Amino acid sequence: MLVATTTISHEAEKHNDCNQVDEHQKDVDAGALFVLKSKGSWVHCGYHLTTSIVAPPLLSLPFAFTFLGWTAGILFMVIAAVVTFYNYNLISLVLEHHANQGRRMLRFRDMARDILGPPWGRFLVGPIQFALCFCVVVACILLGGQCMKTIYLLSNPNGSMKLYEFIVVFGCFMLILAQMPSFHSLRHINLVSLILCLAYSACAIAGSIYIGYSSKGPKKDYSIKGNTESRIFGAFNAMSIIATAYGNGIVPEIQATLAPPVKGKMFKGLCICYAVIIVTFFGAAISGYWAFGNQAEGLILTNFMDSNGKPLVPKWFIYMTNIFTIAQLAAVGVVYLQPTNEVLEQAFSDPKSPEFSQRNVVPRLILRSLSTAIGTVIAAMLPFFGDINSLIGAFGLMPLDFILPPVFFNSTFRPSKKTPIFWLNVSIAVVFSIVGAIAAVAAVRQIVLDAKTYQLFANL
C-alpha cells in the first residue's frame, strides 16, 4: 500500500480542469463556513493543539509501562514524541504548499482525496477520522462520568447512584459547551484547558510520589506479568495506548483556524504543545510506574484509593484532581466534536444565510445536541475506558498521525529517492504500519478476553 501511495503521479491531478478545482474549493469553504474560521494566532493554535493532545489519556501511561517495563516504556515514549512532532510539521508543510497553489485543505479527508485520490478520502481516511473523533468524544464522556462517580463515593461511600447516571450528567454539561459556534470560539476555553492539564498532571505526579514514599502504598514490583504470548500482545497494546496519548486526529482543522499568512505559525504552536507534553507525559508516566509498578491501573487516579475504597492521599486532594480532570475532559470532548459538527452542518446549514439566523441556529442546536446525546448513550452502555483507549490508538491514531503524514509529504513534494528524507518518511510509514496492524490485533484480542466481564450499563 505504501509503495502505491508514494508513487501516485501528480500528472493525474493536473488533468482536472479549472472548473473542477473551483467547485472543489467551493465545497471545502461552504462545508466549514461556520465551524472553521481563519482568525487565530499561533498562540491560539498552541492552545488548540495542547487541548487535542495533552488530555486525560496521559493518565494511562503508567499502565502502558506495566507491559513494557522501564527501558522499553521510556524509549517508545521518546520515539512517539519525536515522530509525532515531525509528522505534524510534515502535515503543516503539505497544507501550506497546497494552499499556496490555491487548493486549501481543511480536513484529513480533503488531503487524502486531493493527494492520494478520491477513494482514499471517501472510503478510508474520512471514515477513520470521523470514527476516531467520535470515539474520543465517547471516551471523554465516559471518563468524565467515572471522575464524577469517584467524587460522589468519597463523599458518600454508601451512595446508590450508578456510573451511567454520572455519565448522563457529564454528557449534559458537554451538550451545553457543544453549542459554541466555531472552533475559533473555543480558544479561551482551550487556554483554560492548557492550565487544567498542567494542574491535574501535577496532582497525578505529586500523588504518586506521596504514595510511593508512604507505607500505605503497594509493594513495588516492576516485573512484566503473563506468559510469552500475553507479554508480546501486551507490549503492542501498550504501544497503542501511548500512540493514543500523543494522537491528534484534527491537525488540518486546527491549522485551518490560523489567520493568513500561516507560515511558521503551526511550528510555534507545536513548540508550545510539546513543551507541555514533556512535562506532563513523562512526569505522570515515570512517577506513576515508580510508585505502583505492575499494579498501575488503566487510570492512575484509581491507584489513589486502596482495594477497600479508602483514599491513600487526603480526600481534598482526590477531589481537586478529579475536578481538574473533569473540566479539561469537557474541553477535549468539544474540540473533537468539531469534525462531527462540520459534517452535519455541511449537510443541513445554509451558507447563504447569516450564521446566527434561525435557518442555521435551529439545525445546529438540534444536530449538535443529538450527536452529544448519542455519544453519551454509547459511553453509558460500554463503560470500558482501557479497551476503548487502545482501540482508538490502533485503528484511528496510528494511521492518521504515524502513517499518512510521511505518505502525504512524499506524494506532494516528490523528494528524490537518493535523499535521506524520502527514506526516513518511507521507514516511518512502514514501521508504524506494522506496529499499527499488530496493535489492532492486540486491541481486539484484549476485548475478546475481557468480553466475559462486559455488561451493558455496567456500574464500574
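K.L.:
Quick question: what am I supposed to make of the confidence of the model for the chain here?
P.N.:
Detailed reading of predicted coordinates is not advised where the pLDDT is low. When pLDDT is averaged along the chain, the result is 84, and 89% of the positions lie at 70 or above. Looking at the elements of the chain, mean pLDDT is at its lowest for helix H1 (residues 2-6), recorded as 38, and at its highest for helix H12 (residues 265-292), recorded as 95. Every residue in residues 1-33 scores below 50 in pLDDT, and together they form 46 contacts with partners more than four places removed in sequence or on other chains.

K.L.:
Looking at this structure, I do not really get the nonpolar core. What am I missing?
P.N.:
Inside soluble globular proteins, nonpolar side chains tend to come together where they are buried. By size, the foremost hydrophobic cluster in this structure holds 120 residues, and its most contacted members are Met77, Ile242, Tyr246, Phe281 and Phe408. By residue number, the principal contributor to this core is helix H7 (residues 118-155), which donates 17 residues. Once you skip the residues sitting within four places of it in the chain, Met77 turns out to touch Leu61, Phe65, Ile242, Tyr246, Phe281, Phe282 and Ala285.

K.L.:
What am I meant to see in helix H10 (residues 228-246) here?
P.N.:
With 19 residues, H10 should cover 27 Å at 1.5 Å per step; its first-to-last C-alpha distance of 27 Å lies within 8% of that length. The opening residue of H10 is Asn227, an N-cap whose side-chain oxygen sits 3.3 Å from the backbone nitrogen of Glu229.

K.L.:
Sorry if this is basic, but what is going on with a nonpolar patch on the surface here?
P.N.:
On the surface, Tyr164, Leu370, Ile374, Ile378, Leu382, Leu456 and Phe457 cluster together to form a nonpolar patch covering roughly 600 Å² of accessible area. Here the element with the most residues in the nonpolar patch is helix H15 (residues 358-381); it accounts for three residues.

K.L.:
I'm lost on unusual backbone geometry in this one. Help?
P.N.:
Of all residues except glycine, most have a negative phi; of all peptide bonds, most are trans. Here Pro260 and Pro261 are connected by a cis peptide whose omega angle stands at -5°. Checked against the element boundaries, Pro261 lands in the loop between helix H11 (251-255) and H12. Within the chain, Arg414 stands out as a residue other than glycine whose phi angle is a positive 50°. Structurally, Arg414 is set in the loop between helix H16 (385-413) and helix H17 (420-450). In this structure Arg414 comes out as partly exposed when scored by relative accessible area, which is 42%.

So, how was this worked out
- Residues numbered from 1 in each chain as written.
- Predicted model: local features only at pLDDT ≥ 70, side-chain atom pairs only at ≥ 80, totals over all residues.
- Heavy atoms only, no water.
- pLDDT = per-residue confidence, 0-100.
- Helix = DSSP H or I, 4+ residues; strand = E, 2+ residues; numbered from the N terminus.
- Contact = heavy atoms within 4.5 Å.
- Core = buried A, V, L, I, M, F, W, Y, C linked by side-chain atoms within 4.5 Å.
- Buried < 20%, exposed > 50% of the residue type's maximum accessible area, 1.4 Å probe, protein only.
- Expected span 1.5 Å × (residues − 1).
- Polar contact = N/O pair within 3.5 Å; in protein donor to acceptor, adjacent residues only side chain to side chain.
- Patch = residues over 30% accessible without salt bridge, like charges linked within 9 Å, V, L, I, M, F, W, Y side chains within 5 Å.
- Areas by Shrake-Rupley, 256 points an atom, 1.4 Å probe, with all protein chains shown as cover.
- Salt bridge = Lys/Arg side-chain N within 4 Å of Asp/Glu carboxyl O.

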